[in-house]
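Chain and residue survey
This is what each chain is made of:
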Amino acid sequence: MRTVWDVVEDDQIRCTVSDGVLRLTIDRPERGNAISPPQRDSLTAHFQRASGDPAVRVVVLTATGDRHFCTGGDLRHSGATPPEPGGAGRAVGEIARLIADGMHRLMSAVLDCDKPVIAAVNGTAAGIGVHLALCCDLVLAADDATFIEVFARRGLVADGAGAYLLPRLIGGHRTKELMFLAEPLEATRAAEMGLINRAVPRAELDGVVHEWARRLADGPTVAYALMKSLVNRSLSQSREAAFREEALAIEVNSRSSDFAEGLRAFADRRPPAFTGR
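First, a word on what this report is: a plain description of the structure on this page. (Residues numbered from 1 in each chain as written. Predicted model: local features only at pLDDT ≥ 70, side-chain atom pairs only at ≥ 80, totals over all residues. Heavy atoms only, no water.)

1. A look at the overall build of the protein chain
Tallying secondary structure elements over the protein chain gives eleven helices and eleven strands in all. In summary, the protein chain has a C-alpha radius of gyration of 19 Å against a globular reference of 19 Å for 277 residues, a match within 12%. Each principal axis of the C-alpha distribution contributes one length, and for the protein chain these read about 65 × 45 × 35 Å. By the burial criterion, 45% of the 277 residues in the protein chain qualify as buried. Long-range contacts, defined as pairs at least 24 residues apart, comprise 67% of the intrachain contacts of the protein chain with a sequence gap of at least 6. When the accessible surface of the protein chain is split by element, carbon and sulfur atoms take 54% of a total near 14,600 Å². Charge separation in the protein chain, taken as the distance between the mean sites of 33 positive and 36 negative side-chain charges, equals 3 Å. (Helix = DSSP H or I, 4+ residues; strand = E, 2+ residues; numbered from the N terminus. Rg over C-alpha atoms; globule rule 2.2 N^0.38 Å. Buried < 20%, exposed > 50% of the residue type's maximum accessible area, 1.4 Å probe, protein only. Contact = heavy atoms within 4.5 Å. Areas by Shrake-Rupley, 256 points an atom, 1.4 Å probe, with all protein chains shown as cover. Lys, Arg positive; Asp, Glu negative; His and termini not counted. Charge placed at Lys NZ, Arg CZ, Asp CG, Glu CD.)

This is the structure:
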């Protein structure tokens, strides 16, 4: 099954669906693949749509070129005017609303997507670009890619869910080191720290991403969605709540076609043929 989703031309997001794999490509290499507000909103809509589309069983997020994955938000875009010093010209609460309605919506769309999401980091990820990658369920990076929490260099507070994501992955002290010092972190070191899944030779990145995407697209999509939700919520729950949600997730999954197919395949001693339903 092969379809192509419609994309507004000036969003500069390339978007294709093939054999259950939705591939979203940030396509602004001349701007370091920085995200403009229209791009941000387009990505949000794509992730929300993918969540409920049975034609999609896994999402791959990547970017054009081999230099930059995403260098953050594009403040030079006509729709993204930087704030005046001291907040002049803006109502109290306006910036907070812009963040909540913009980047926070995008990060939530990735975290809440019912399909597994793979980030294929092909180059430098900076600022919000780091957090966009880390919102994904699995992160694969070229071994010469870098991650930079660049905010402090510009006198900014890290946004795009950074203070939520990083401590859960690497703890508070390492998070503060990355945010305060704002030094580039090589992908190989990021993998050693547990910030990403793997750093692979650049020439092998596409092949590994394809292999992982293919395996996930052929897997039990309903079970993936339920496990993703359980894991994402686990650190903010009590043990009792986590146990209760786990039991309910197992109950829901037991009504899926893939659950029945898994049991049949086990009994028949053959590989399962999951349909994602």
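2. Points about the sheet that holds strand β10 (residues 185-186)
Here we have four strands laid out as an open sheet, ordered β5-β7-β9-β10, and mixed in their pairing. Of all the strands in the sheet, just β5 (68-70) and β10 have a single pairing partner and so form its edges. (Pairing = 2+ DSSP bridges.)

3. Here's the deal with the pattern of salt bridges
Under the definition given, this model contains 14 salt bridges. The residue Glu192 makes a salt bridge to Arg189 at a minimum N-O spacing of 3.5 Å. Of this pair, Glu192 and Arg189 are both found in helix α7 (residues 187-193), three residues apart, which corresponds to roughly one turn of the helix. Residue Glu192 is classed as exposed on the basis of its relative accessible area of 61%. Residue Arg189 is classed as partly exposed on the basis of its relative accessible area of 34%. Measuring nitrogen to oxygen at the nearest pair gives 3.8 Å for the salt bridge that ties Glu240 to Arg239. Classification of Arg239 as exposed rests on a relative accessible area of 58%. A network of salt bridges, in which partner residues are shared, links Glu261, Arg264, Asp268 and Arg270. (Salt bridge = Lys/Arg side-chain N within 4 Å of Asp/Glu carboxyl O.)

4. Looking at the packing of helix α2 (residues 94-101) against helix α3 (residues 103-112)
Look at α2 against α3: their axes get within 3 Å of each other, and the N-to-C directions meet at 25°. By the criterion of interaxial angle, the relationship of α2 to α3 is roughly parallel. On the side of α2, the interface is formed by Leu98, Ile99, Ala100 and Asp101, while α3 contributes Met103, His104 and Arg105. (Axes fitted to C-alpha atoms, helices over the stretch in contact; angles between N-to-C directions. Parallel < 35°, antiparallel > 145°, perpendicular 65-115°, else oblique.)

5. Describing unusual backbone geometry
One non-glycine residue, Asn33, lies in positive phi territory at about 55°. Its identity is not glycine, yet Ala161 carries a phi of approximately 75°, on the positive side. Relative to the helices and strands, Ala161 resides in the loop between β9 (146-148) and α5 (162-170).

6. Overview of the pairing of strand β6 (residues 117-121)
Of all the five residues making up β6, five are buried; the element is thus mostly covered by neighbouring parts of the structure. Every second residue of β6 is oriented toward a common face, with Val117, Ala119 and Val121 on one face and Ile118 and Ala120 on the other, all of them buried. By the bridge criterion, three bridges tie strand β4 (residues 58-63) to β6 in an arrangement that is parallel. Residue Leu61 lies in a different strand from β6, and its bridge partner there is Ala119. In this structure, β6 lies alongside strand β8 (residues 138-142), joined through four bridges in parallel fashion.

7. Quick notes on the packing of helix α9 (residues 221-234) against helix α10 (residues 239-253)
At a minimum axis distance of 10 Å, the contact between α9 and α10 shows a crossing angle of 170°. In terms of orientation, α9 and α10 fall into the roughly antiparallel class. Contacts from Val222, Ala223, Leu226, Leu230 and Arg233 of α9 reach α10 at Glu245, Glu246, Ala249, Val252 and Asn253. Classifying every residue of the contact of α9 with α10 gives six nonpolar, one polar and three charged. (Nonpolar A, V, L, I, M, F, W, Y, C, P; charged D, E, K, R; others polar.)

8. With respect to the nonpolar core
Core analysis: the largest hydrophobic core is formed by 65 residues, its most contacted members being Leu24, Phe47, Leu61, Val121, Phe147 and Ile196. Looking at which element gives the most residues to this core, the answer is helix α8 (residues 202-217), with seven residues. Once residues within four sequence positions are removed from consideration, Phe147 is found in contact with Val121, Ala125, Val130, Ala141, Glu183, Pro184, Leu185, Ala187, Ala190 and Ile196. (Core = buried A, V, L, I, M, F, W, Y, C linked by side-chain atoms within 4.5 Å.)

9. As for helix α4 (residues 128-135)
Among the eight residues in α4, eight count as buried, and that is most of the element. Among all positions in α4, only Ile128, Gly129, Val130, His131, Leu132, Ala133, Leu134 and Cys135 are buried.

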